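Structure assessment
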Amino acid sequence: MRILITNDDGIMAKGIYFLTKELEKYFECIIVAPDKQRSAAGHSITLHRPVVVKLHKLDGINSRAYTVDGTPADCVKVALEKLLEEKIDLIISGINDGFNLGTDVIYSGTVSAAVEGAIYKIPSIAVSIDFHGDDEYYSMAANYARKIVEMTKNKIKEDVVLNVNIPYAKEIKGIKVCNLGNRVYTNAYIEKEVENGTNQRIFQLAGTVKDGDDGDTDVYFIKQDYITITPLHYDLTNFKILMEVEEIIDGGNTDEKDS
Ligand SMILES: Nc1nc2c(ncn2[C@@H]2O[C@H](COP(=O)(O)O)[C@@H](O)[C@H]2O)c(=O)[nH]1
């Protein structure tokens, strides 16, 4: 099984190091990752300039690695379109510094890199952990990520993304497959002082998480020390209200043939 590994924290991040260290013991791995931190890049791609791809030697890692001076989605796209001759069986993005729960997934470069894989009909997994940064946590998360790869390999359909979050817990209670919850941030922006007389205001996006207790969602179960897995899809159609909108439009439709 050949795995394309990427992330959004950049090639030098601990998360991709620990993830690759674990996966390459069991699978053939190739890294294609941003050359620097690209958090919250979402699904952006680089349109108005070329991207530069370089071979990169990661100390302690045997797998071939490339950097891209672009976004996480660029990494997956250029890897699958041009860079790699080999067939890729799975794409795994992470291990992200910071959970990607609920609506985080919309902003997340980590998740978007995995979604890009699903767009290319390759099963993909995004893995995120809490901000804690100790090696034991990364190592534990990498071990769980590998186990999830083992559990799901050849079983997950080609255009599915599994969004995985792993809690910082002494004892993980298990795995919950669940919906995305509602991720709430407060104090989203901090206003910075500006010199008098300037007609500008400066805001730094910050924010602390103030999650509600969404039942049966990733936001809830992560706090109960469960690993959460949410299957995602890039089809953003709102099927729940599709018929309702159709009726509204049909009801108000001023189609020529009716006049
Ligand atoms: N301060 C805020 N942080 C936010 C908000 N919405 C999302 N986020 C964070 O962005 C990253 C995106 O994930 P990544 O995989 O690209 O690193 C995620 O971890 C969230 O914590 C927000 O409204 N305010």
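Residue numbers here run from 1 along each chain, matching the order of that chain's written sequence. Totals for whole chains, interfaces and linings use all residues, but because this is a predicted model, local features are given only for residues with pLDDT of at least 70 and pairs of side-chain atoms are given and counted only at 80 or more. Hydrogens and waters are ignored; side-chain quantities use all the structure's heavy atoms.

**Some thoughts on the UniProt feature "domain: Survival protein SurE-like phosphatase/nucleotidase" (unreviewed entry) in the chain**
UniProt positions are given in the numbering used here, feature names are shortened, and annotations may be inferred rather than shown by experiment. Per the UniProt record, "domain: Survival protein SurE-like phosphatase/nucleotidase" (unreviewed entry) is annotated on residues 3–186. Segments assigned H or I by DSSP are reported as helices when at least four residues long, segments assigned E as strands when at least two residues long, and all are numbered from the N terminus. Counted over residues 3–186, helix gives 30% and strand 24%. Its end C-alpha atoms are 38 Å apart.

**A short note on the pattern of salt bridges**
By salt bridge we mean one thing: a side-chain nitrogen of Lys or Arg within 4 Å of a carboxyl oxygen of Asp or Glu. Following the criterion strictly, the structure yields 11 salt bridges and no others. Across the pair R49 and D69 runs a salt bridge whose closest N-O atoms are separated by 3.1 Å. Remark: D69 occurs in the loop between β4 (64–68) and α2 (72–83) and R49 occurs in the loop between β2 (28–34) and β3 (53–55); sequence separation between them is 20 residues. With a relative accessible area of 37%, R49 lands in the partly exposed category. Here D89 ties to K87 by a salt bridge, and the two come within 2.6 Å at their closest N and O atoms. Given the relative accessible area of 28%, D89 is considered partly exposed. Accessible area is worked out with a 1.4 Å probe on protein chains only. A residue is then buried under 20% of its type maximum, exposed over 50%, and partly exposed in between.

**Concerning the side chain of N96**
The topology assignment puts N96 in strand β5 (residues 90–97). Any pair of N or O atoms that falls within 3.5 Å is considered a polar contact. Within protein, one atom must be able to donate a hydrogen and the other to accept it, and sequence-neighbouring residues count only if both atoms are side-chain atoms. A polar contact of 2.7 Å, which involves the side chain of N96, links it to the backbone oxygen of G98. A distance of 3.0 Å separates polar atoms of two side chains, one belonging to N96 and the other to T110. When checking whether two residues touch, look at their non-hydrogen atoms; a contact exists if any pair is within 4.5 Å. Setting aside chain neighbours within four positions, we find N96 in contact with D8, D9, T110, V127, S128 and I129.

**A word on the confidence of the model for the chain**
Within the chain, residue pLDDT values average 94, and 98% of them lie at 70 or more. Predicted as a complex, the structure gets a pTM of 0.94 and an ipTM equal to 0.93. pLDDT runs from 0 to 100 and stands for how confident the predictor is about each residue.

**Side note on the packing of aromatic side chains**
Planes of paired rings set the category: under 30 degrees apart is stacked, over 60 is edge-to-face and the rest tilted, where pairs are Phe, Tyr or Trp rings (Trp by its six-membered ring) whose centres lie within 6.5 Å. With the rule as written, the count across this model stands at seven aromatic pairs. With a centroid separation of 4.7 Å and 65 degrees between ring planes, the pair formed by Y137 and Y168 is classed as edge-to-face. In this pair, Y137 is assigned in helix α5 (residues 135–152) and Y168 in the loop between β7 (161–166) and β8 (174–177), connecting sequence segments 31 residues apart. Under the relative-accessibility criterion, Y137 is labelled buried at 3%. Aromatic pair Y189 and F203: ring centres 6.3 Å apart, planes at 75 degrees, arrangement edge-to-face.

**Structural notes on the site of the ligand**
For the ligand, the set of nearby residues contains 14 residues, the closest of which are D8, S39, A40, T110 and A206. Between an oxygen atom of the ligand and a side-chain N or O atom of S39, the distance comes to 2.4 Å. Between the ligand and the protein, one listed contact pairs an oxygen atom with a side-chain N or O atom of N96 at 3.2 Å. Values of accessible area rely on a 1.4 Å probe in the Shrake-Rupley scheme; residue burial ignores everything except the protein chains shown. Taken by itself the ligand offers 510 Å² of open surface, and the protein chains cover 85% of this. The set of elements that each furnish at least two residues to the shell around the ligand consists of α3 (104–107) and α4 (109–119). Side-chain classes are defined by residue name, with Ala, Val, Leu, Ile, Met, Phe, Trp, Tyr, Cys and Pro counting as nonpolar, Asp, Glu, Lys and Arg as charged, and the others, Gly among them, as polar. Broken down by class, the residue content of the shell around the ligand amounts to five nonpolar, seven polar and two charged. By convention in these notes, a residue is near a molecule or strand provided one of its non-hydrogen atoms lies within 4 Å of it.

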